[in-house]
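Topology and contacts: notes
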Amino acid sequence: ALRRQGGWYQAGGRRLEPGELAARAAELSPNALLRPVLQDWLLPSVAYVGGPAELAYLAQAETLYRTLLGRMPVAVPRAAFTLLDARSAKLMKRYGLTLPDFFGGEQALAGRMAAALTPPNVARGVEETSAAVAAAVDSLRPRLEAFDPTLAAALGRSRARMLYQLSKIGRKVAREALRRDGRAAGDAAYLSALVYPERRLQERYYGILPFLARHGLDLPGRLLEILPLNCPDHVVYAP
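Residues numbered from 1 in each chain as written. Predicted model: local features only at pLDDT ≥ 70, side-chain atom pairs only at ≥ 80, totals over all residues. Heavy atoms only, no water.

A few points about the pattern of salt bridges
How we decide: Each reported salt bridge corresponds to a side-chain nitrogen of Lys or Arg within 4 Å of a carboxyl oxygen of Asp or Glu. Put simply, DSSP marks the helices as runs of H or I at least four residues long and the strands as runs of E at least two long, and each gets a number from the N terminus on. Only protein chains enter the area calculation, which uses a 1.4 Å probe; residues under 20% of their type maximum are buried, those over 50% are exposed, and those in between are partly exposed.
Following the criterion strictly, the structure yields 13 salt bridges and no others. Residues Asp187 and Arg87 are paired through a salt bridge, measuring 3.4 Å at the closest nitrogen-oxygen approach. Of this pair, Asp187 sits in helix H9 (residues 182-195) while Arg87 sits in helix H5 (residues 86-95), placing them 100 residues apart in sequence. Residue Asp138 is joined to Arg159 by a salt bridge in which the shortest nitrogen-to-oxygen separation is 3.0 Å. Placement of Asp138 in helix H7 (residues 120-147) and of Arg159 in helix H8 (residues 149-180) is noted, with a sequence separation of 21 residues between them. By relative accessible area, which is 35% here, Asp138 ends up partly exposed. Through salt bridges with shared partners, a single network forms among Arg14, Glu20, Arg24 and Glu27.

Here it is, written out as structure tokens:
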């Protein structure tokens, strides 16, 4: 990296005069912030379509654009989307899943699906019991504080342990529901591999070829028609 020091430049441990740099201009290249400015000087553009990281760089380069060019292109977010097939679309609807449910990984997704399989009366019973225990303990706290504050503090710790155990029972109920529905574990693995493979967004992991093979060679044109190009949000789409 070149750093300006008065009328000369510093490059690591070397001191370089402007004339020497000018003579070696072909050996110089812009860094990540200066590169878009140089490229827009050579090939002026009206708009720049980029991903989140690219647009963040472009925003940081705004000062350079203004100083060196007096203008900059319009920043447009590229379309970001996850493609579903018929099976995954049905599974997400069945389990009431949205894209953020995948971000915790396959195990967390399986837990979320298990909760959807838990009988409503059982899930409601665990929630009602937890609420009743919390309310009973909270009503006791003022009396203990008036009698002995140390007992009130102990009660607070006991309250946390009781609620933790009830929460643990709820998780065990969900796991049992998942075990009884043998397909659910396979469904979780299938969905994770398609929607959030290796804990990465689908568009960051897969190329286009498998989706062209599954959905047809006209897929890009169909995406162009359906996707909101002026929307910065991630879109989940089932062709």
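Moving on, there is more to tell.
Side note on the packing of helix H2 (residues 35-42) against helix H4 (residues 62-69)
For clarity, the threshold we go by: Geometry is summarised by axes, namely lines fitted to C-alpha atoms with helices restricted to the contacting stretch, and by angles between N-to-C directions that run from 0 to 180 degrees. We call a crossing left-handed when the near helix sits turned anticlockwise from the far one by less than a right angle, and right-handed when that turn is clockwise. Only heavy atoms enter the contact rule, under which two residues are in contact if any of them lie within 4.5 Å. Ten residues, namely Ala, Val, Leu, Ile, Met, Phe, Trp, Tyr, Cys and Pro, are considered nonpolar, four, namely Asp, Glu, Lys and Arg, are considered charged, and the remaining ones, Gly among them, are considered polar.
Contact geometry of H2 with H4 gives a least axis separation of 9 Å together with a crossing angle of 40 degrees. Both H2 and H4 take part in a crossing whose hand is right-handed. From H2, Pro36, Val37, Asp40 and Trp41 reach across to H4, where they touch Leu64, Tyr65, Leu68 and Leu69. Of the residues contributing to the contact of H2 with H4, the split by class is seven nonpolar, no polar and one charged.

Considerations on the side chain of Ser192
Take Ser192: it is sitting in helix H9. Those residues in contact with Ser192 that lie beyond four places of it in its chain are Phe102, Glu106, Leu109 and Pro197.

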